[in-house]
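So the chains spell out like this:
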Amino acid sequence: MSKRILVTGGAGFIGSHLCDRLLALGHEVLCVDNYFTGRRANIAPHLADPAFEVLRRDVCDPLHVEVDEIYNLACPASPVHYQVDPVQTTRTSVLGALNVLELADRLKVRVLQASTSEVYGDPAEHPQPENYAGNVNVTGPRACYDEGKRCAETLFYDYRRQHGLSIRVARIFNTYGPRMLADDGRVVSNFIVQALGGRPITIYGDGTQTRSFCYVDDLVSGLIALMECSDDAIGPVNLGNPNETDIATLARTIVEMTESRSDIENAALPEDDPVRRCPDITLAIQRLGWRPGIDLRTGLGKAIEAFRTAK
Ligand code: NAD
Ligand code: UDP
């Protein structure tokens with residue numbers, strides 16, 4: 001059945017891919033974005049589509065719209081961008097969550113929060129299952145994002161307990177793909193842009209830190225599966241690719257795949273940079289029947305091609 005679906009942050013990297021998929025599934029989409037890190041170009045192909053609408057709004061302001069379902073993605077995700085104005089990052093996470101929850105409660109509709117693996121901080125447990133409570137430095141430079149997202153999760157579960165709201169919380173692990181900004185600052189886009197431009201590849205620290213990279217199409221399938229799952233008692237669900245890679249190997253792979261002559265350069269490791277990160281996705285496999293299907297080389301190939309041809 002066709003629904004009217006609100007996607008906050010819909011002009012961003014993941015949000016725009018989610019809008020694409022929801023429209024392709026026959027839904028109407030209302031995209032709300034303040035273009036802090038989003039781009040009109042990401043949603044431009046849909047502007048003439050009567051099933052698509054866009055509102056330039058800040059999620060810190062209350063939203064008065066009529067929809068059947070809400071995905072709350074509005075929030076900068078790159079450490080470079082979320083640390084530019086950390087107070088605004090916390091505000092976006094917390095007030096944005098409150099505003100979508102109030103809207104969902106008034107409309108009695110389901111709402112999904114894009115949470116993050118950052119709620120686990122620099123994890124002491126590996127891989128990270130959903131019941132791991134995390135290890136976040138409350139006062140560090142990443143805290144605006146980590147604690148903002150943790151508080152948003154709290155608000156989601158309190159709205160469920162207090163108001164009986166139907167909520168879903170996705171803990172998204174590092175996701176990459178076409179439409180990441182060239183100056184996004186995250187590792188996959190940085191390395192591809194540097195490699196294609198023949199500039200040095202900047203490895204922060206010694207490159208032994210790990211991440212687990214999920215291609216955006218897989219992630220979008222996971223978000224929709226979680227939204228559609230009938231289990232209202234389901235807790236937060238990890239969504240990510242459990243294939244763990246160290247950053248030095250990622251750099252070498254991208255240099256090789258782009259046939260780049262870039263050198264590799266080591267720079268200082270940012271404060272509180274997590275040492276290891278890998279999702280335990282047992283819950284998503286068992287309860288959503290979801291698992292990522294696109295391996296790193298295939299996904300990197302698509303991302304490299306997109307950056308090569310980007311205007
Ligand atoms: P992104 O920066 O590309 O997209 C975020 C979007 O939100 C942008 O379009 C931006 O303009 C918009 N936005 C920011 N603040 C806003 C505000 N106050 N009001 C309205 N719009 C606002 O990032 P992304 O990678 O697409 O991430 C989307 C969501 O997924 C975020 O909530 C992020 O925390 C979460 N997430 C992403 C990853 C990842 O690896 N990409 C990992 C974990 C969690
Ligand atoms: N990183 C790097 N070079 C870059 C950008 C990032 O070595 O040009 C490292 C960063 O220090 C971290 C990892 O890559 O260890 C992932 O960083 P990203 O900002 O993509 O995501 P997050 O740290 O939020 O997982």
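The coordinates are above.
Scope of this entry: the structure provided in the associated data block.

How each quantity is defined
Residues numbered from 1 in each chain as written. Chains lettered and ligands numbered in written order. Predicted model: local features only at pLDDT ≥ 70, side-chain atom pairs only at ≥ 80, totals over all residues. Heavy atoms only, no water. Phe/Tyr/Trp six-rings, centres within 6.5 Å; stacked < 30°, edge-to-face > 60°. Helix = DSSP H or I, 4+ residues; strand = E, 2+ residues; numbered from the N terminus. Buried < 20%, exposed > 50% of the residue type's maximum accessible area, 1.4 Å probe, protein only. Lys NZ or Arg CZ within 6 Å of the ring centre and 35° of its normal. Contact = heavy atoms within 4.5 Å. Core = buried A, V, L, I, M, F, W, Y, C linked by side-chain atoms within 4.5 Å. Near = heavy atom within 4 Å. Polar contact = N/O pair within 3.5 Å; in protein donor to acceptor, adjacent residues only side chain to side chain. Areas by Shrake-Rupley, 256 points an atom, 1.4 Å probe, with all protein chains shown as cover. Nonpolar A, V, L, I, M, F, W, Y, C, P; charged D, E, K, R; others polar. Pairing = 2+ DSSP bridges. Axes fitted to C-alpha atoms, helices over the stretch in contact; angles between N-to-C directions. Salt bridge = Lys/Arg side-chain N within 4 Å of Asp/Glu carboxyl O. Disulfide = S-S within 2.5 Å. 1 Å grid on protein atoms, 1.4 Å probe; cavity = no way out; pocket = protein on both sides within 12 Å on 5 of 7 lines; lining within 4 Å. Points joined across faces, edges and corners; volume = space filled by probe spheres on them.

What follows concerns the packing of aromatic side chains. Per the stated rule, a full pass over the model turns up five aromatic pairs. Between the aromatic rings of Tyr120 and Tyr132, the centroid separation amounts to 6.0 Å while the plane-to-plane angle is 25 degrees, which identifies the pairing as stacked. With Tyr120 in the loop between strand E5 (110-116) and helix H5 (143-163) and Tyr132 in the loop between E5 and H5, this residue pair connects regions lying twelve residues apart in the sequence. Note on Tyr120: relative accessible area 1%, which makes it buried. Every member of this aromatic cluster is reached through a ring pair, and the members are Tyr120, Tyr132 and Phe173. Geometry around Tyr35 places Arg40 over its ring, the cationic atom sitting 4.4 Å from the centre.

Attention now goes to the environment of Tyr204. Topologically, Tyr204 is positioned in strand E8 (residues 201-204). We classify Tyr204 as partly exposed; its relative accessible area is 31%. The sequence separation of Tyr204 and Pro86 amounts to 118 residues, and the corresponding C-alpha distance is 21 Å. Apart from the residues within four sequence positions on either side, Tyr204 is in contact with Asn190, Gln209, Ala267, Ala268, Leu269 and Pro270.

On to the nonpolar core. In terms of nonpolar packing, the biggest core is built from 59 residues, with Tyr71, Tyr176, Leu223, Leu239 and Leu288 touching the most fellow members. The greatest single-element share of this core, amounting to seven residues, is contributed by helix H7 (residues 216-228). Setting aside residues no more than four positions away along its own chain, Leu288 makes contact with Gly222, Ala225, Leu226, Cys229, Ile234, Val237, Leu239 and Leu283. In this structure, Leu30, Ala74, Ala97 and Leu101 belong to the second largest nonpolar core, which totals 26 residues.

This part covers the site of ligand 1. Residues in contact with ligand 1 amount to 30 residues; listed here are only the nearest, Ile14, Asp33, Thr37, Tyr145 and Lys149. Take Asp58: an N or O atom from its side chain is 2.9 Å from a nitrogen atom of ligand 1. Measuring from an oxygen atom of ligand 1, one finds a backbone N or O atom of Thr175 at 2.8 Å. Here ligand 1 has 820 Å² of accessible area as a free molecule, and 97% of this is covered by the chains. Sorting the residues of the shell around ligand 1 by element identifies helix H1 (13-24), helix H4 (86-107), E5 and H5 as the ones contributing at least two each.

This part covers the site of ligand 2. Taken together, 18 residues form the shell around ligand 2, and within it Thr202, Tyr204, Arg211, Asp273 and Arg277 come nearest. Asn190 has a polar side-chain atom sitting 2.8 Å from an oxygen atom of ligand 2. Listing elements by their share of the shell around ligand 2, those giving two or more residues are helix H6 (187-196) and E8. Here the shell around ligand 2 is composed, by residue class, of seven nonpolar, five polar and six charged.

As a further point, take the sheet that holds strand E11 (residues 237-239). By definition, the strands of a sheet pair up through backbone hydrogen bonds, in either a parallel or an antiparallel sense. Overall, parallel pairing links the seven strands, which are arranged E3-E2-E1-E4-E5-E6-E11 in an open sheet. Taken across any chain shown, the strands that pair with only one partner, and hence form the sheet edges, are strand E3 (52-56) and E11. Ignoring which end each strand starts from, the neighbouring axes of this sheet average 20 degrees apart. Of the strand pairs in this sheet, strand E6 (residues 167-172) and E11 are connected by three bridges, and their pairing is parallel. Paired with Ala170 across the strands is Val237, a residue of E11. Sitting on the sheet, H1 touches strand E1 (4-8), strand E2 (28-33), E3, strand E4 (69-72) and E6, and the angle it makes with E1 is about 170 degrees. Contacts between H4 and the sheet are confined to E1, E4, E5 and E6, with E4 contributing the most and set at about 175 degrees to the helix.

Applying the stated criterion to the full structure yields 18 salt bridges. A salt bridge links Asp158 to Arg161, with the shortest nitrogen-to-oxygen separation between them at 2.9 Å. Placement of the pair is Asp158 and Arg161 together in helix H5, with a separation of three residues, close to one helical turn. Its relative accessible area of 61% is what places Arg161 among the exposed residues. A salt bridge links Asp184 to Arg186; its shortest N-O distance comes to 2.6 Å. Three or more residues joined by partner-sharing salt bridges are found here, namely Glu118, Arg142, Arg211, Asp273 and Arg277.

The next subject is the state of the cysteines. Using the criterion set out here, one finds zero disulfides in the structure. Left without a disulfide partner, Cys75 is nearest to the cysteine sulfur of Cys144, which lies 8.3 Å away. You can call Cys75 buried: its relative accessible area is 16%.

To find leftover empty space, a probe the size of one water molecule is rolled over the atoms. All told, the structure shown has one cavity of 30 Å³ or more when counted by the stated rule. By volume, the largest cavity amounts to about 40 Å³. Together, Val59, Asn72, Leu73, Ala74, Cys75, Thr92, Ser93, Gly96, Ala97, Gln113 and Lys149 line the largest cavity. Of all the elements, H4 adds the most residues to the lining of the largest cavity, at four residues. Broken down by class, the residue content of the lining of the largest cavity amounts to five nonpolar, five polar and one charged.

So yeah, pure geometry; function would need other evidence.
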